[in-house]
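Next come the chains, spelled out residue by residue.
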Amino acid sequence: MKYRKLENTDLELSEVTFGAWAAGGWMWGGTERKEAIQAIRVSYSLGVTSIDTAPIYGQGTSEEIVGEAIKGIPRDRVQILTKYGMRWDLKKGDFAFSSKNNSGTAIDIYKYAGKESIIKECEDSLKRLGTDYIDLYQIHWPDSTTPIQESMEAVEKLIEQGKVRYAGVCNYDAKQLAEAEKYINVASDQVPFSMVKRSIESELVPYCLDHKKSILAYSPLERGLLTGKMKPGYKFSDGDHRASVSFFKDENLKRVDDFLNLIKPIADGKRLTLGQLVILWTLQQPGITIALVGARNVEQAIINAKAIDNQLSKQEIKIISGYLNNLELIS
C-alpha cells in the first residue's frame, strides 16, 4: 500500500481508503455484518489503514461495524474519517429525501449542521466507533439553513477539545470551500469523481490545486458500474438505490461495457481487474489525493487493496482517457 498526506496536516491516508457506505446496508439492499467486519480487517492487513464512514450509513450501523472491526488495533495505526450533518431522527434543516431504514421503516432525511447538532452527532459517533477522537470530521452535505461559519466554528471547538483532529467537507463547491476556509483550516473536500462523473475538473480541482486542499474521490468505481460485472439486464436486490440511477439503464450499461472492452487489454497486460485499472487511473488524475472504495466482502476488499501493487504509465493514462473522451451516456 502507498500513502498520501492530506494537505496542511500530518495525517497520512492509504491511497485506497475503505468506503463504508455499503457496509451499513442502507440503500444497498441490506448488509452482512460479519462479512463487512471481515472486509475491513482484511483491508487493514493489506495496508488499508483509513476508513471513511458516516452516521447516516445504516443510521449508525456502519459506524458500529467500523468500531467493531478496529477493536484490538492500536488506535494510532488507523485513520477514522466520519461525517456529520445528515439527520434521520430530527426534522430540521434542508429536507433531503424520504427513505427506509434497514428494518424497512420509513424515515425522512434532513441536511442539518447546526452547532448543537454537530456536538451531539460527534458524541454519538465516538460511542459507536469506540474511540475518543476522530481523525477527519467532515460535513456530509451543504446545509442552506445554517451559516457555514456556525458549522465550522462548532468543529473548531471539537478540535480544541481533542475530539477531532482535522476538519473536512464533503460535496462542497469551490465557493463553499472558500467560505469554510475563513473559519477553519479545511484539509479536504470529499466529492464524487469517476471516469463517468468528472464535473469537478472544471472548477473544484483547479481551486484545490491552487489553495492546497486535498480531494477525496468517492465512488470512483461509480457504485460498481466500472467493474465490468454489470451487463444490460442486470437485476438489483430490493432496496438497492442503484436500480433508479440513470447510469444503470440498459443502454448506459451497454455503452460502458463497450468502453471497458476497449481498455481491458491494458488491464489484462498488467494482470489487473478492470476495477483495479479504474482505481489506478483515478489516483493519477490531477488533484486527486485518495480513492474511497467500498467493499462488502473479503474478496472485494482484497481486489481493491491490491490495485496499488501496480501503476500506469503516462502513455496508458493517455490511451484510457482518449477512449473515455468518446464515451457518452444518456441521462
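Relevant structure appears above.
What you are looking at is a predicted structure, and each value in this text was computed from that prediction instead of being measured. (Residues numbered from 1 in each chain as written. Predicted model: local features only at pLDDT ≥ 70, side-chain atom pairs only at ≥ 80, totals over all residues. Heavy atoms only, no water.)

### Notes on the sheet that holds strand E12 (residues 214-218)
Remark on secondary structure: sheet strands pair via backbone hydrogen bonds, oriented parallel or antiparallel. Put simply, the rule is: Between any two strands, at least two bridges found by DSSP are needed for them to pair. Labels follow the DSSP assignment, with helices taken as runs of H or I lasting at least four residues and strands as runs of E lasting at least two, numbered in each case from the N terminus. Axis lines are fitted to C-alpha atoms, over the contacting stretch for helices. Their N-to-C directions set the angle, which ranges from 0 to 180 degrees.
Spatially, E3-E4-E5-E9-E10-E11-E12-E13 is the arrangement adopted by the eight strands of the closed barrel, whose pairing is parallel. Across the sheet, the axes of successive neighbouring strands diverge by a mean angle of 30°, strand direction being ignored. One ladder, built from four bridges, connects E12 with strand E13 (residues 288-294); its direction is parallel. Residue Leu-216 lies in a different strand from E13, and its bridge partner there is Ile-290.

### What to know about unusual backbone geometry
A positive phi angle, near 55°, is found at Lys-212, a position not held by glycine. Considering the arrangement of structural elements, one finds Lys-212 in the loop between helix H6 (204-211) and E12. Even without being glycine, Arg-271 reaches a positive phi, approximately 55°. Looking at where Arg-271 falls in the secondary structure, it is placed in the loop between helix H7 (250-269) and helix H8 (274-283).

### Here we look at the pairing of E13
Note the following rule: The buried label applies to any residue whose accessible area, calculated with a 1.4 Å probe on protein chains only, is under 20% of its type's maximum; exposed applies above 50%, and partly exposed to all values in between.
Counting buried positions over the seven residues of E13 gives six, a clear majority of the element. Bridge count for strand E3 (residues 16-19) against E13 is four bridges, and the pairing is parallel. Within the sheet, the bridge partner assigned to Thr-17 lies in E13 and is Leu-292.

### Side note on the side chain of Ser-117
Using the following cut-off: In protein, a polar contact requires one atom able to donate a hydrogen and another able to accept it; more generally it is a pair of N or O atoms within 3.5 Å, and residues adjacent in sequence count only if both atoms are side-chain atoms. A contact between two residues is defined here by any heavy atoms of the two lying within 4.5 Å.
One can find Ser-117 in helix H3 (residues 115-129). The buried category is assigned to Ser-117, whose relative accessible area is 3%. Side-chain polar atoms of Ser-117 contact the side chain of Arg-87, separated by 2.6 Å. Apart from residues lying up to four places away in sequence, Ser-117 is in contact with Arg-87 and Tyr-112.

None of this, on its own, says anything about what the molecule does.
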